[in-house]
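# Overview (structure and organization)
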Amino acid sequence: MRCRICGSGRLSPVGELASGERRGENLRLKFPRRGVLKPRPVFEARLGRACRDCGALLPFLDEYGRQQLDAVADDLTDAEGAPAPPYGAPDCPGQ
């Protein structure tokens, strides 16, 4: 497995992600949605890897979260202030 940001093969082992001090508070991925009254989809990632060269965090959704993301992906937009991909960054597999 390689980092999708810098291409390095120096990734950490899979670790548990947490967003708070208490156990069970997983990292959450939130997306804005087109339309004012539509709820924001939230996906929890329990596990991830970190690139040892550039520091990118690669969170993993479980199968249920991945299926839910796939079902609503066409209605999602980038978060405000999202950075542009770095010049020459490899495309995501599957595109």
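Residue numbering note: each chain is counted from 1, following its sequence as written. For this predicted model, a pLDDT threshold of at least 70 governs which residues receive local features, and a threshold of 80 or more governs which side-chain atom pairs are given and counted, while totals over whole chains, interfaces and linings are taken from all residues. The basis for every side-chain value is the complete set of non-hydrogen atoms in the structure, without hydrogens or water.

## Some remarks on the overall build of the chain
- The way it works is that DSSP assigns letters per residue, a run of H or I at least four long becomes a helix, a run of E at least two long becomes a strand, and they are numbered from the N terminus. In terms of helices and strands, the chain carries 1 helix and 4 strands.
- Mapped from its N terminus to its C terminus, the chain presents α and β elements in the order β-β-β-β-α.
- When burial is assessed residue by residue, the chain has 18% of its 95 residues classed as buried.
- If you take every contact in the chain between residues at least 6 apart in sequence, the share linking residues at least 24 apart comes to 55%.
- When the accessible area of the chain is evaluated, it comes to approximately 7,500 Å², of which 51% is carbon and sulfur surface. Burial classes follow relative accessibility: with a 1.4 Å probe on protein chains only, a residue under 20% of its type's maximum area counts as buried, one over 50% as exposed, and anything between as partly exposed. By definition in these notes, contact holds between two residues if any of their heavy atoms fall within 4.5 Å. Note on areas: Shrake-Rupley, 1.4 Å probe, and residue coverage restricted to the protein chains presented here.

## Comments concerning the confidence of the model for the chain
- With 78% of its residues at a pLDDT of 70 or more, the chain shows a mean pLDDT of 81.
- Each residue carries a pLDDT score, the predictor's own confidence in it, on a scale running from 0 to 100. Ranking the elements of the chain by mean pLDDT puts strand S2 (residues 27-30) last, at 84, and strand S4 (residues 57-61) first, at 91.

## Regarding the environment of Asn26
- Locating Asn26 in the fold gives a position in the loop between strand S1 (15-16) and S2.
- On the basis of relative accessibility, which here comes to 12%, the residue Asn26 falls in the buried class.
- In the structure, Asn26 is positioned 19 residues away from Ala45 in sequence and 6.2 Å away in space, judged by C-alpha atoms.
- When residues no more than four places from it in sequence are discounted, the contact partners of Asn26 are Leu17, Ala18, Ser19, Glu44, Ala45 and Arg46.

## A word on the side chain of Ser8
- Positionally, Ser8 belongs in the segment before S1.
- Note on Ser8: relative accessible area 10%, which makes it buried.
- Each polar contact in these results corresponds to two N or O atoms within 3.5 Å; when the atoms are within protein, one needs to be able to donate a hydrogen and the other to accept it, and residues that are neighboring in sequence are counted only if both atoms are side-chain atoms. Here the side chain of Ser8 touches Arg10 through a polar contact of 2.9 Å, landing on its backbone nitrogen.
- For Ser8, the residues in contact, after removing those within four places along its chain, are Met1, Arg2, Cys3, Cys51 and Asp53.

## Thoughts on the layout of surface pockets
- The pocket and cavity definitions rest on a 1 Å grid over protein atoms only: a 1.4 Å probe that fits but cannot leave marks a cavity, an open set with protein on both sides within 12 Å along at least five of seven lines marks a pocket, and residues lining either have an atom within 4 Å of a point. Grid points are joined across faces, edges and corners, and a volume is the space filled by probe spheres set on the points. Roughly 160 Å³ of internal volume is contained in the second largest pocket.
- Taken together, Val42, Phe43, Glu44, Ala45, Arg46, Leu47, Phe60, Leu61, Asp62, Tyr64, Gly65 and Gln68 make up the lining of the second largest pocket.
- Elements with a contribution of two residues or more to the lining of the second largest pocket: strand S3 (42-50), S4 and helix H1 (63-72).
- Per-element accounting of the lining of the second largest pocket gives the leading share, 6 residues, to S3.
- Along the lines of polarity and charge, the residues of the lining of the second largest pocket split into 7 nonpolar, 2 polar and 3 charged. Residues were grouped as follows: Ala, Val, Leu, Ile, Met, Phe, Trp, Tyr, Cys and Pro as nonpolar; Asp, Glu, Lys and Arg as charged; and all remaining residues, including Gly, as polar.

## Some details on the nonpolar core
- Throughout, nonpolar core names a set of buried Ala, Val, Leu, Ile, Met, Phe, Trp, Tyr and Cys residues whose side chains join them through atoms within 4.5 Å. Core analysis: the biggest nonpolar cluster contains 5 residues, these being Cys3, Leu11, Cys51, Ala56 and Leu58.
- Sequence-distant contacts of Cys3, that is, excluding residues within four places in its chain, are made with Ser8, Leu11, Cys51, Cys54 and Ala56.

## Remarks on the pattern of salt bridges
- Here, a salt bridge means any Lys or Arg side-chain nitrogen found within 4 Å of an Asp or Glu carboxyl oxygen. Summed over all chains, the structure comprises 2 salt bridges.
- Two residues, Arg10 and Asp53, come together in a salt bridge whose shortest N-O distance is 2.9 Å. Taken together, the residues span a long stretch of sequence, with Arg10 in the segment before S1 and Asp53 in the loop between S3 and S4 at a distance of 43 residues.
- Exposure remark for Asp53: the relative accessible area of 46% places this residue in the partly exposed category.

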